[in-house]
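The residues making up each chain are set out below.
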Amino acid sequence: MRNILLIALASVLLTACSGGSPDAGAEPRAQVSDSAALRVAVFPSSDALPLLLASDWGIYEELGIPTEIAVYRSQMDAEKALADGKADAVLTDKYRIEWWQRKGSPIQYAFSTRRPLYMVPNKQLRITRIDQLDDRMIAGSRYSLDDQFADQAVAQIKKRKGQILRPQINSVELRLSMLTSGQLDAAVLNTLQALKAKAAGYSPLTIPEGLTLEGAVAYSTRSRHARKLPKLQRAYQQALQRLRRSATMPQVSTRTREALFLTDGIDTLLNAKTDF
């Protein structure tokens, strides 16, 4: 049965990890293309939300930086948009920045974001402890913050006896779907997908702290809009401040909800004061 599952998983991986386009039926969320606009590529993650809210709330206009936000299905797809010249900046993490720099890509760090991650096991397996992940499959994205987080979890397993498989499922929504459909033993999820899993009865494992869970916004040094990154950071901080001042999660526009797959009221489960 495990061999059959691995064969089925390999077929899905060929689909999940190929190409650099957004999810079928969901074009990148962006405004009308404007050559004067700063183009930012993101993916469905909680630290992408302030970037979209800054657009909804008119913060970019107030700061004088026309900005287009495009939401891709995965962090890797968003990074590819930057590498292909389709974006000026990207939501990523420091491990991925280093990976691109080693490849000679003109990518530079701009500022950090907060990105909590969660190790969520298949509820059918009744896994409640880290050591029960031995001889299991843990899905994430390789050479990334996800990967480092999974490494930290695996390091807590003492006297390992089995092989831990680490399939690469870059699309965060697909990763969640495969977990809830029983195709994975566990998955690394960010806040948005972890809340959906929790609503479906899945409980994350407790991972001892030790890794700084931060994303990052990076930019292409070849972009003529690179000088606008300080203002992008100001816009991000203003959106964060507005969130943290809120007693409850502010209303999120339908456009932003659809772009980040905030279905079934998931945005109402976010804590405006602590999740950002």
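Summary of the structure given here. (Residues numbered from 1 in each chain as written. Predicted model: local features only at pLDDT ≥ 70, side-chain atom pairs only at ≥ 80, totals over all residues. Heavy atoms only, no water.)

Regarding the sheet that holds strand β8 (residues 214-220)
Think of a sheet as strands paired side by side through backbone hydrogen bonds, with each pair either parallel or antiparallel.
Stage number 1. Spatial strand order, β2-β1-β3-β8-β4: five strands in an open sheet with mixed pairing. Only two strands of the sheet have a single partner each, and these edge strands are β2 (67-71) and β4 (107-114). Looking at each pair of strands side by side, their axes are set apart by 25 degrees on average, direction ignored.
Stage number 2. Two elements, strand β1 (residues 38-42) and strand β3 (residues 89-92), share two bridges in a ladder whose sense is parallel. Opposite Val-40, over in β3, you have Ala-89 as the bridge partner.
Stage number 3. Most of the contacts of helix α5 (residues 94-102) go to β4, to which it runs at about 170 degrees, and overall it touches β3, β4 and β8. (Pairing = 2+ DSSP bridges. Helix = DSSP H or I, 4+ residues; strand = E, 2+ residues; numbered from the N terminus. Axes fitted to C-alpha atoms, helices over the stretch in contact; angles between N-to-C directions. Contact = heavy atoms within 4.5 Å.)

Concerning the packing of aromatic side chains
Stage number 1. A complete count under the given rule lists two aromatic pairs for this structure.
Stage number 2. Relative to Trp-100, the ring of Trp-99 lies with its centre 5.1 Å away and its plane at 90 degrees, an arrangement referred to as edge-to-face.
Stage number 3. When the ring of Phe-111 is compared with that of Tyr-236, the centres are 5.5 Å apart and the planes differ by 50 degrees; the resulting orientation is tilted. In this pair, Phe-111 is assigned in strand β4 and Tyr-236 in helix α9 (residues 229-244), connecting sequence segments 125 residues apart. Each member of the pair, Phe-111 as well as Tyr-236, carries the same accessibility label: buried.
Stage number 4. Between the NZ or CZ atom of Arg-142 and the centre of the ring of Tyr-143, over which it lies, the distance is 5.8 Å. (Phe/Tyr/Trp six-rings, centres within 6.5 Å; stacked < 30°, edge-to-face > 60°. Buried < 20%, exposed > 50% of the residue type's maximum accessible area, 1.4 Å probe, protein only. Lys NZ or Arg CZ within 6 Å of the ring centre and 35° of its normal.)

A word on empty space enclosed by the protein
Stage number 1. Using the criterion set out here, one finds two cavities of 30 Å³ or more in the structure.
Stage number 2. When its volume is computed, the largest cavity comes out at roughly 100 Å³.
Stage number 3. Considering the residues around the largest cavity, the lining is formed by 15 residues, among which Phe-43, Gln-75, Asp-146, Val-172 and Arg-175 are closest to the centre.
Stage number 4. For the lining of the largest cavity, the elements supplying multiple residues, two or more each, are α4 (75-83), α7 (172-180) and β7 (186-190).
Stage number 5. If you tally residues by element for the lining of the largest cavity, the top one is β7, at three residues.
Stage number 6. Looking at the lining of the largest cavity, its residues break down into six nonpolar, six polar and three charged.
Stage number 7. A volume near 50 Å³ is recorded for the second largest cavity.
Stage number 8. Lining the second largest cavity we find Ile-138, Ala-139, Gly-140, Ser-141, Arg-142, Asp-146, Asp-147, Ala-150, Arg-166, Pro-167 and Val-188.
Stage number 9. Of all elements in the fold, only β6 (138-139) and α6 (145-154) reach the threshold of two or more residues within the lining of the second largest cavity.
Stage number 10. Top element by residues in the lining of the second largest cavity is α6. It accounts for three residues.
Stage number 11. Considering only residue class, the lining of the second largest cavity consists of five nonpolar, two polar and four charged. (1 Å grid on protein atoms, 1.4 Å probe; cavity = no way out; pocket = protein on both sides within 12 Å on 5 of 7 lines; lining within 4 Å. Points joined across faces, edges and corners; volume = space filled by probe spheres on them. Nonpolar A, V, L, I, M, F, W, Y, C, P; charged D, E, K, R; others polar.)

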